[in-house]
Amino acid sequence: DSSNFAVAIDGPAASGKSTVARRLAERLGLIMINTGAMYRAIAWATIENEVDAADSAAVLAMLDKLEVTCGVKDGTSTILIDGTDPGDALREDAVNSRVSTVAAIPEVRHLLVEKQREYLKLGSLVMEGRDIGSVVFPDTPYKIYIDASEEVRLARRSAEGLTDVVSKRDEEDSKRKTSPLVVAEGATVIDSSEMDIDEVVEAALATLRTQGMND
Ligand code: CDP
Ligand code: CDP
């Protein structure tokens, strides 16, 4: 349906993208797509298949043999690798430490960006990641960049009981050649350092109205 649209939510690690995207999708009745999970699933597959994430030729050879199936369940994106849902393993340290390396491989991005764009056939979306407003849906009028200070983001992640190489991933994600993390042209930045989740959701809804959405 050509009237389907995408709301792009980008930002650094642990800024609150998934939480806010999920809440926005509920409020607006849209499908929520977590693109970080797609990159994480490929990183998980390199561990399962004992492939060196830094060896792009080996990663691509692995991908040739794997089936990556993207779907939607209960209004949220799902991903299967050869029919298996990696589940909570996607948030493990081993995945955190190599996901940015895998995500810097241009062909990996190309494959996943195509799958991300295909979701628009299913309905209107809230999609969160790093390059949604800049690369995946550059023409959407609805673009939000959720930021927060590094200190706050580290505190949010550890409050979840998770260890994570947040700063290392941010540096790699910002410095890579292909589709680095940037504030997309036309995006509105929300600095959420001093905001709770409700406040960020309200600020995001207000931004979307300014960007032309009628809800
Ligand atoms: O939840 P968190 O912000 O910590 O990370 P995520 O959104 O699950 O993304 C995990 C990693 O996937 C990022 O650090 C990036 O390396 C990569 N990623 C990307 O390159 N492009 C996207 N659109 C989404 C994620
Ligand atoms: O998806 P991303 O990695 O950007 O962040 P998230 O997983 O949505 O949020 C990381 C943690 O920060 C979660 O536990 C959220 O509940 C929390 N959070 C918060 O405390 N205040 C906010 N304004 C946004 C998120």
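Only a predicted model underlies this, so the values are computations on that prediction, with no experimental measurement involved.

## Describing the packing of aromatic side chains
Stage number 1. A complete count under the given rule lists one aromatic pair for this structure.
Stage number 2. When the centroid spacing of 5.4 Å and the interplanar angle of 70° are considered together, the rings of Phe5 and Tyr142 count as edge-to-face. Taken together, the positions of Phe5 in the segment before strand 1 (6-10) and Tyr142 in the loop between helix 6 (132-136) and strand 6 (143-147) put the pair 137 residues apart, joining distant regions of the chain.
Stage number 3. Looking at Phe5, the relative accessible area reads 27%, which means it is partly exposed.
Stage number 4. With relative accessibility at 12%, the residue Tyr142 sits in the buried group.

## Observations concerning the layout of surface pockets
Stage number 1. Computed from the structure, the largest pocket encloses a volume of approximately 1100 Å³.
Stage number 2. The wall of the largest pocket is formed by 46 residues, among which Ser18, Arg22, Asn34, Arg91 and Glu128 lie closest to the centre.
Stage number 3. With six residues, helix 2 (residues 35-48) is the single largest residue contributor to the lining of the largest pocket.

## Brief notes about the site of ligand 1
Stage number 1. Near ligand 1, the surroundings consist of 20 residues, among which Lys17, Arg40, Arg157, Arg169 and Asp173 are the closest.
Stage number 2. In the model, a nitrogen atom of ligand 1 is placed 3.0 Å from a nitrogen or oxygen of the Thr35 side chain.
Stage number 3. Protein contact buries 99% of the 530 Å² of open area that ligand 1 shows by itself.
Stage number 4. Those elements that place two or more of their residues in the shell around ligand 1 are helix 2, helix 4 (93-103) and helix 8 (166-175).
Stage number 5. Considering every element that reaches the shell around ligand 1, the biggest residue donor is helix 2, with four residues.
Stage number 6. Along the lines of polarity and charge, the residues of the shell around ligand 1 split into six nonpolar, four polar and ten charged.

The rules behind these values
- Residues numbered from 1 in each chain as written.
- Chains lettered and ligands numbered in written order.
- Predicted model: local features only at pLDDT ≥ 70, side-chain atom pairs only at ≥ 80, totals over all residues.
- Heavy atoms only, no water.
- Phe/Tyr/Trp six-rings, centres within 6.5 Å; stacked < 30°, edge-to-face > 60°.
- Helix = DSSP H or I, 4+ residues; strand = E, 2+ residues; numbered from the N terminus.
- Buried < 20%, exposed > 50% of the residue type's maximum accessible area, 1.4 Å probe, protein only.
- 1 Å grid on protein atoms, 1.4 Å probe; cavity = no way out; pocket = protein on both sides within 12 Å on 5 of 7 lines; lining within 4 Å.
- Points joined across faces, edges and corners; volume = space filled by probe spheres on them.
- Near = heavy atom within 4 Å.
- Polar contact = N/O pair within 3.5 Å; in protein donor to acceptor, adjacent residues only side chain to side chain.
- Areas by Shrake-Rupley, 256 points an atom, 1.4 Å probe, with all protein chains shown as cover.
- Nonpolar A, V, L, I, M, F, W, Y, C, P; charged D, E, K, R; others polar.

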